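Inside the fold
Each chain, letter by letter, is given below.
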Amino acid sequence: MNVPLLDLKAQYATIKGEVMAAVNEVFDSQYFILGPKVGEFECACAVYIGVLYAVGVTSGSDALIMALMALGIKPKDEVITTPYTFFATAGAIARIGAVPVFVDIDPKTYNIDASRIEKAITKKTKAIIPVHLYGQCADMDAILAIARKHKLHVIEDAAQAIGAKYKGRQAGTMGDIGCFSFFPSKNLGGAGDGGLVTCTSKELFDTLVKLRNHGMHPKYYHAIVGGNFRLDALQAVVLNVKLKHLDSWHEARRANAAFYNNAFKSTTEITTPFMISDCYSIYNQYVVRVPNRDKVLEKMKAANIGVEVYYPVSLHMQECFKYLGYHEGDFPESERAARETLALPIYPELTVEQKRYVADTLIAAVKG
Ligand SMILES: *Cc1c(COP(=O)(O)O)cnc(C)c1O
């Protein structure tokens, strides 16, 4: 049996008619940049996420850059984040000339360990970027309390967490700004790159809208420098079709996670994802911790199962961040997670046979 890590063709087959009709409408209109279709999608997102303002942008990476710009983060300012995330989180901080300051993760959730944040705060600290990794929210109560106490901005990297909930609140509504990605492998994925920024402040919204279009307002007048961070109408209509199915896809991923949890419950070698109580994970990834990870990975691949390591090299160990002065051993939990974890196929269209096969193969692999 062959089980890919993600099968976008299976999903597309269920919505092809709707997507093609929406795409044809855009071609007929020849209105490709921003415009009414992007506006419609932004409204739908604001309603779905439960936030006042949503701004469609080029990517999740640019969403993070725009958030930092809108909050006035300046070169040499320090921004606290996790070293165990996709590169873009820290990349955005570095791109605007600010300094990423890493704080190790909680080994259970793989999210930033809030109890270690205060030690990393200095006079130069301006913001915290918690990442809701794999679709589960970071410990926002603790993070928001620290931010309030030290007057820091909070930017939620919710790239993997659209629709995730934390104690009744939605990802992207808790910090000053929420950043989302529509990269095809996210739960809500476009036909290419795309992203979204959310906020509840009208002032921030106005700034974000200007930043998205070179800081221009009114036309050809630039009070601030922005960039071309505009979402395409083609992406907006595809995403708008998919948004209507998103909750059912989340539920299917959660059912798959429950299947795996049950299948692995008597296999002590496999550590299944730890869920904090009163929260709703959208399982962008289902990540297990196993002994002899690299050997297990090879066995899974040999059995034609798509598995992946997120993320094999913690960000403090990346060559481009050498100048930050971190060393191996500085963030032991991030480094250990990078060595011990493995993501399994969790996409909504998995069949029972496929799940059974993945589970049986993994159990045999960790025992052998
Ligand atoms: C995907 C992702 C991003 C970047 O989003 P893009 O749309 O690919 O630019 C940022 N942060 C995290 C945690 C991500 O998973």
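Residues numbered from 1 in each chain as written. Predicted model: local features only at pLDDT ≥ 70, side-chain atom pairs only at ≥ 80, totals over all residues. Heavy atoms only, no water.

**Quick notes on the side chain of Thr361**
Spelled out, the test is: Think of it this way: any DSSP run of H or I at least four residues long counts as a helix, any run of E at least two long counts as a strand, and we number them from the N terminus. Each polar contact in these results corresponds to two N or O atoms within 3.5 Å; when the atoms are within protein, one needs to be able to donate a hydrogen and the other to accept it, and residues that are neighboring in sequence are counted only if both atoms are side-chain atoms.
Within the secondary structure, Thr361 sits in helix 11 (residues 352–367). At 2.5 Å, the side chain of Thr361 forms a polar contact with the backbone oxygen of Tyr357.

**Examining the site of the ligand**
For clarity, the threshold we go by: When at least one non-hydrogen atom of a residue lies within 4 Å of a molecule or strand, that residue is treated as near it. In these tables, accessible area is a Shrake-Rupley quantity obtained with a 1.4 Å probe, and a residue counts as shielded only by the protein chains included in the view.
Inspection of the region around the ligand gives 15 residues, with Gly60, Ser61, Gln160, Ser181 and Lys186 positioned closest. In this structure, an oxygen atom belonging to the ligand sits 2.5 Å away from a side-chain N or O atom of Ser61. A distance of 2.8 Å is found between a nitrogen atom of the ligand and a side-chain nitrogen or oxygen belonging to Asp157. Protein burial of the ligand: of its 380 Å² of free accessible surface, 93% is covered by the chains. Broken down by secondary-structure element, the contributors of at least two residues to the shell around the ligand are helix 3 (60–70) and helix 4 (88–95).

**Remarks on the packing of aromatic side chains**
To keep it simple, the criterion reads: Pairing of aromatic rings covers Phe, Tyr and the six-membered ring of Trp, with a centre-to-centre limit of 6.5 Å; geometry is then stacked below 30 degrees between planes, edge-to-face above 60, and tilted otherwise. Buried means the residue's accessible area, taken with a 1.4 Å probe over protein chains only, is under 20% of the maximum for its type, while exposed means over 50%, and partly exposed covers the values in between. We call a charge positioned over a ring when the NZ of a Lys or the CZ of an Arg lies within 6 Å of the ring centre and within 35 degrees of the ring normal.
Applying the stated rule across the entire model yields 18 aromatic pairs. Aromatic pair Tyr53 and Phe205: ring centres 4.3 Å apart, planes at 15°, arrangement stacked. Here the residue Tyr53 occupies a position in strand 1 (residues 53–57), and Phe205 occupies one in helix 6 (residues 202–212), the gap between them amounting to 152 residues. A relative accessible area of 18% means that Tyr53 is categorised as buried. Considering the side-chain rings of Phe87 and Phe321, the 5.5 Å spacing of their centres and the 20° angle between planes classify their relative orientation as stacked. Of this pair, Phe87 sits in the loop between strand 2 (78–81) and helix 4 while Phe321 sits in the loop between helix 9 (293–302) and helix 10 (332–340), and the two are 234 residues apart along the sequence. Judged by its relative accessible area of 35%, Phe87 is partly exposed. Here the guanidinium or amino end of Lys108 rests over the ring plane of Phe274, the centre of that ring lying 4.9 Å away.

**Thoughts on the nonpolar core**
Most often, soluble globular proteins have nonpolar side chains that are buried together. Applied cut-off: As used in this record, nonpolar core signifies buried Ala, Val, Leu, Ile, Met, Phe, Trp, Tyr and Cys residues forming a set joined through side-chain atoms within 4.5 Å. Just so you know, the domain bounds were taken from an automatic or database domain assignment. Contact definition: two residues touch when any of their heavy atoms are within 4.5 Å.
Counting 56 residues, the largest nonpolar core has Phe41, Ile80 and Ile117 as the members making the most contacts within it. The element contributing the most residues to this core is helix 7 (residues 233–243), with seven residues. When residues are assigned to domains, this core turns out to be shared by domain 1 (8–103 + 110–243) and domain 2 (246–366), each giving three or more. Excluding residues within four positions of it along the chain, Ile117 makes contact with Ile80, Val103, Ile112, Ile128, Ile143 and Ile146. Counting residues in each nonpolar core, the second largest holds 29 residues, with Ala63, Leu64, Val79 and Ile96 among its members.

**Description of helix 9**
The line we're drawing: This arc corresponds to the set of directions leading from the helix axis out to the C-beta atoms.
Inspection of helix 9 places Arg293, Val296, Leu297 and Met300 among the buried residues, and these make up the whole buried set. End-on view of helix 9: buried residues confined to an arc of 105°, all on one side of the axis. In this structure, helix 9 carries Lys295 and Ala302 as exposed residues pointing more than 90 degrees from its buried face. Residues of helix 9 that are buried make contact with helix 10, strand 12 (341–344) and helix 11. Asn304 occupies a position one or two residues after helix 9 and carries a positive phi of about 65°.

**Topic: the environment of Lys167**
Here Lys167 lies in the loop between strand 6 (165–166) and strand 7 (169–170). When its relative accessible area of 39% is taken as the criterion, Lys167 is described as partly exposed. C-alpha separation for the pair Lys167 and Cys279, spaced 112 residues apart in sequence, amounts to 5.4 Å. Aside from chain neighbours lying at most four places away, what touches Lys167 is Asp141, Asp278 and Cys279.

**Notes on unusual backbone geometry**
Here the residue pair His217 and Pro218 is connected by a cis peptide bond, since its omega of -10° sits within 30 degrees of zero. That bond from Tyr310 to Tyr311 is cis: its omega, 0°, falls within 30 degrees of zero. On the secondary structure map, Tyr311 appears in the loop between helix 9 and helix 10. Although it is not a glycine, Tyr220 adopts a positive phi angle of roughly 70°. Its location among the elements puts Tyr220 in the loop between helix 6 and helix 7. In this model, Asn292 sits at a positive phi of 50°, which is unusual for a non-glycine residue.

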